[in-house]
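Fold and contact review
Below are the chains, spelled out letter by letter.
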Amino acid sequence: MKEDDDLGPSEVSLKALELQKKKRKRKNKKKKPFNPTSKSSEDNLEDEVAKSVREVNQLLGEASEINVEDQNDPNFKPQKRGLLSIEPKNLNPENEMKRLFGSKVVMADHQRHKRGNHRHRHMRTSHWLVVPKPSWPQPGKTGLSMKFLESDKYGNQFFTFEHSPSYQNVQKRFFHAVDSLNPEFIIQLLNDHPFHIDAMLQLSDICKMGEDSTRAAELIERTLYAMEAAFHPLFNLAVGTSRLDYKRQENRAFFIALFRHISNVGARACHRTALEFCKLTLGLDPDNDPLGILLMLDFYAIRAQQHSWFIDFVESWDPQRNLTQLPNMAYSIALAKFYGSKTNDLSDADEKIQKALIEFPGVLLPLLDKCSVDIDKRVLGSQFFLDAQSK
């Protein structure tokens, strides 16, 4: 007879419980002992995400800092900021050239310039500002970098370019070359340091004075390419929230290169590209506008037939910046209203041009002369416009 047969019902139940406990102990020995202080993989993942969010918030500013009152600030309005957003495809003048002259003409011109050049790889695979040419040297380590400074409560991030000690030594050599008034020293410096920013800008000026506009434009493009290679990972040109201080010496070269590039692409009749670079440059310091982009933006907007965008831009910026107090804006908004009207009702355009003529009568005669328009005798005989010329 088995041993369990001599046990009572209660004793059998206790025996069964003891056996179950032994089985559980054997299973628990095979498993990793439980530590109440340790966390599961999901908890660890949540902690890593929370840590990353805290780091980003510490770097860019807490989202909770933006309250309703802050949103009333003119710098925070999404509509105003969105007007300066960039479309990357419009930064490439080749895309506009293809629209103007056709792909076959542009490709044929490229093939003609590529003869004798050997294509090589560049460090960056994507480019915002310019597309590097095959003849350009490899950028390598130029000693130029960008540093993040701070983020304000409106979501704007402030950056600055920095020069390494080795770059500063090259900069001193550049200053000596400029003081010597000998362009050969600058050329020699560029042979040793092909992507020195100020040397490329200076040599571009020399080429422009020598009427070598092609070489001058290429040096400006190389300057933008070198500075783009030094961008901080958070420096985003698309959304219009990245800021640079023009007063800082290291940043000034970037503004100058952008300004000259606007003139170069505008001279090639790439007005849409020039407008896009105007928006980009203005977005770097919209409050101060150190290069006076507002004095040229209207020209490229009208020539690029971006009438609706220009009207929205003026209506959004005028309450805080009084744009219509600038003569160019007063006349351009009337022209945009005229060309952008989707109906035959031109009363709004007529009102704008009348207001511009009343406020800035001295602009009319020089403007008609530049446009090669025969001036009406009534205008020539009007004392209102004649007195404005003598002031």
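Quantities reported herein were computed from a predicted structural model and do not represent experimental measurements.

Take the overall build of the protein chain next. A tally of helices and strands in the protein chain yields 19 helices and 3 strands. Counting every position in the protein chain, which comprises 391 residues, the buried fraction comes to 37%. A separation of at least 24 residues holds for 61% of the contacts in the protein chain among residues at least 6 apart in sequence. Of the accessible surface of the protein chain, which amounts to about 24500 Å², a share of 52% is contributed by carbon and sulfur atoms.

This brings us to the packing of helix H7 (residues 165-179) against helix H9 (residues 197-209). At a closest axis distance of 9 Å, the pairing of H7 and H9 adopts a crossing angle of 30 degrees. Here H7 lies roughly parallel to H9, going by the angle between them. Along the contact surface, H7 presents Tyr167, Gln171 and Phe174, while H9 presents Ile197, Asp198, Ala199 and Gln202. When its residues are assigned to classes, the contact of H7 with H9 shows 4 nonpolar, 2 polar and 1 charged.

Using the criterion set out here, one finds 15 aromatic pairs in the structure. Here Phe148 and Phe159 contribute two aromatic rings whose centre-to-centre distance is 5.4 Å and whose plane-to-plane angle is 70 degrees, an arrangement assigned as edge-to-face. With a gap of 11 residues between them, Phe148 in strand S1 (residues 144-151) and Phe159 in strand S2 (residues 157-163) connect regions that are remote in the sequence. Comparing Phe148 with Phe159 shows no difference in burial state: the two are buried. Plain terms: the ring middles of Phe161 and Phe231 are 6.4 Å apart, the flat faces sit at 45 degrees to each other, and that makes the pair tilted. Note that Phe161 is positioned in strand S2 and Phe231 in the loop between helix H10 (213-228) and strand S3 (242-244), a separation of 70 residues in sequence. Classification of Phe231 by relative accessible area gives buried; the value is 16%. Here the aromatic residues Phe148, Phe159, Phe161, Phe231, Phe235 and Phe254 are joined through ring pairs into a cluster of three or more. In this structure, Arg222 is placed above the aromatic ring of Phe195, and the distance from its NZ or CZ to the ring centre is 5.3 Å. Over the face of the ring belonging to Tyr246 we find Arg252, whose NZ or CZ atom lies 4.9 Å from the ring centre.

All right, on to the pattern of salt bridges then. On inspection of all chains with the given rule, the structure shows 9 salt bridges. Between Asp192 and Arg173 there is a salt bridge, with the nearest N and O atoms lying 2.9 Å from each other. With Asp192 in helix H8 (residues 183-192) and Arg173 in helix H7, this residue pair connects regions lying 19 residues apart in the sequence. Under the relative-accessibility criterion, Arg173 is labelled partly exposed at 33%. Residues joined by salt bridges that share partners form a network here, namely Arg272, Glu276 and Lys279.

Here we take up unusual backbone geometry. Although it is not a glycine, Glu211 sits at a positive phi angle of roughly 60 degrees. For Glu211, the location among the structural elements is in the loop between H9 and H10. At Asn322, a residue that is not glycine, the phi angle is positive and equals roughly 55 degrees.

On to the pairing of S2, then. Both faces of the sheet carry side chains from a regular strand, because those side chains alternate between them. Bridge count for S1 against S2 is 7 bridges, and the pairing is antiparallel. The residue bridging Glu150 from the neighbouring strand is Phe158, located in S2. Taking the residues that link successive antiparallel strands as the turn, the S1-S2 hairpin has 5 residues, and the phi of Gly155 there is positive, at about 90 degrees. In this sheet, S3 lies alongside S2 in parallel orientation, the contact comprising 3 bridges. Within S3, the residue paired with Gln157 across the bridge is Ser242.

Here the focus is the nonpolar core. Most often, soluble globular proteins keep nonpolar side chains buried together rather than apart. Core analysis: the biggest nonpolar cluster contains 73 residues, and Phe254, Phe310 and Phe313 have the highest contact counts within it. Leaving out residues up to four positions away in the same chain, Phe313 has contacts with Leu83, Leu84, Leu282, Leu294, Leu297, Leu323 and Met329. Counting 9 residues, the second-largest nonpolar core is a separate cluster that includes Tyr331, Phe360, Leu364 and Leu368.

Our next topic: the environment of Thr324. Among the structural elements, Thr324 can be located in the loop between helix H14 (307-321) and helix H15 (327-340). Exposure remark for Thr324: the relative accessible area of 16% places this residue in the buried category. A sequence separation of 28 residues divides Thr324 from Lys352, and the C-alpha atoms of the two residues are 9.8 Å apart. When residues no more than four places from it in sequence are discounted, the contact partners of Thr324 are Val314, Asp318, Met329, Ala330, Glu359 and Phe360.

One turn of the α-helix equals 3.6 residues, which is why residues spaced by three or four share an orientation. Its 14 residues place the ends of helix H12 (residues 271-284) 20 Å apart at the C-alpha level, agreeing with the 20 Å of an ideal helix rising 1.5 Å per residue. By the criterion of burial, H12 is predominantly enclosed, with 14 of the 14 residues buried.

Mapping Lys337 onto the fold places it in helix H15. In this structure, Lys337 is in contact with Ile311, Glu315, Asp348, Ala349 and Lys352, ignoring residues within four places of it in sequence.

What follows covers the sheet that holds S1. Here 3 strands make up an open sheet; going across it, the order is S1-S2-S3 and the pairing mixed. Strand pairing shows two members of the sheet lacking a second neighbour, S1 and S3, which therefore form its edges. Averaged over neighbouring strand pairs, the angle between their axes works out to 40 degrees when direction is ignored.

Looking at where Gly362 falls in the secondary structure, it is placed in the loop between helix H16 (347-359) and helix H17 (364-370). Residue classification places Gly362 among the partly exposed positions, given a relative accessible area of 27%. Between the alpha carbons of Gly362 and Ser390 there is a distance of 8.6 Å; along the sequence they are 28 residues apart. Setting aside its immediate chain neighbours within four residues, Gly362 contacts Ala388 and Gln389.

How each quantity is defined
- Residues numbered from 1 in each chain as written.
- Predicted model: local features only at pLDDT ≥ 70, side-chain atom pairs only at ≥ 80, totals over all residues.
- Heavy atoms only, no water.
- Helix = DSSP H or I, 4+ residues; strand = E, 2+ residues; numbered from the N terminus.
- Buried < 20%, exposed > 50% of the residue type's maximum accessible area, 1.4 Å probe, protein only.
- Contact = heavy atoms within 4.5 Å.
- Areas by Shrake-Rupley, 256 points an atom, 1.4 Å probe, with all protein chains shown as cover.
- Axes fitted to C-alpha atoms, helices over the stretch in contact; angles between N-to-C directions.
- Parallel < 35°, antiparallel > 145°, perpendicular 65-115°, else oblique.
- Nonpolar A, V, L, I, M, F, W, Y, C, P; charged D, E, K, R; others polar.
- Phe/Tyr/Trp six-rings, centres within 6.5 Å; stacked < 30°, edge-to-face > 60°.
- Lys NZ or Arg CZ within 6 Å of the ring centre and 35° of its normal.
- Salt bridge = Lys/Arg side-chain N within 4 Å of Asp/Glu carboxyl O.
- Pairing = 2+ DSSP bridges.
- Core = buried A, V, L, I, M, F, W, Y, C linked by side-chain atoms within 4.5 Å.
- Expected span 1.5 Å × (residues − 1).

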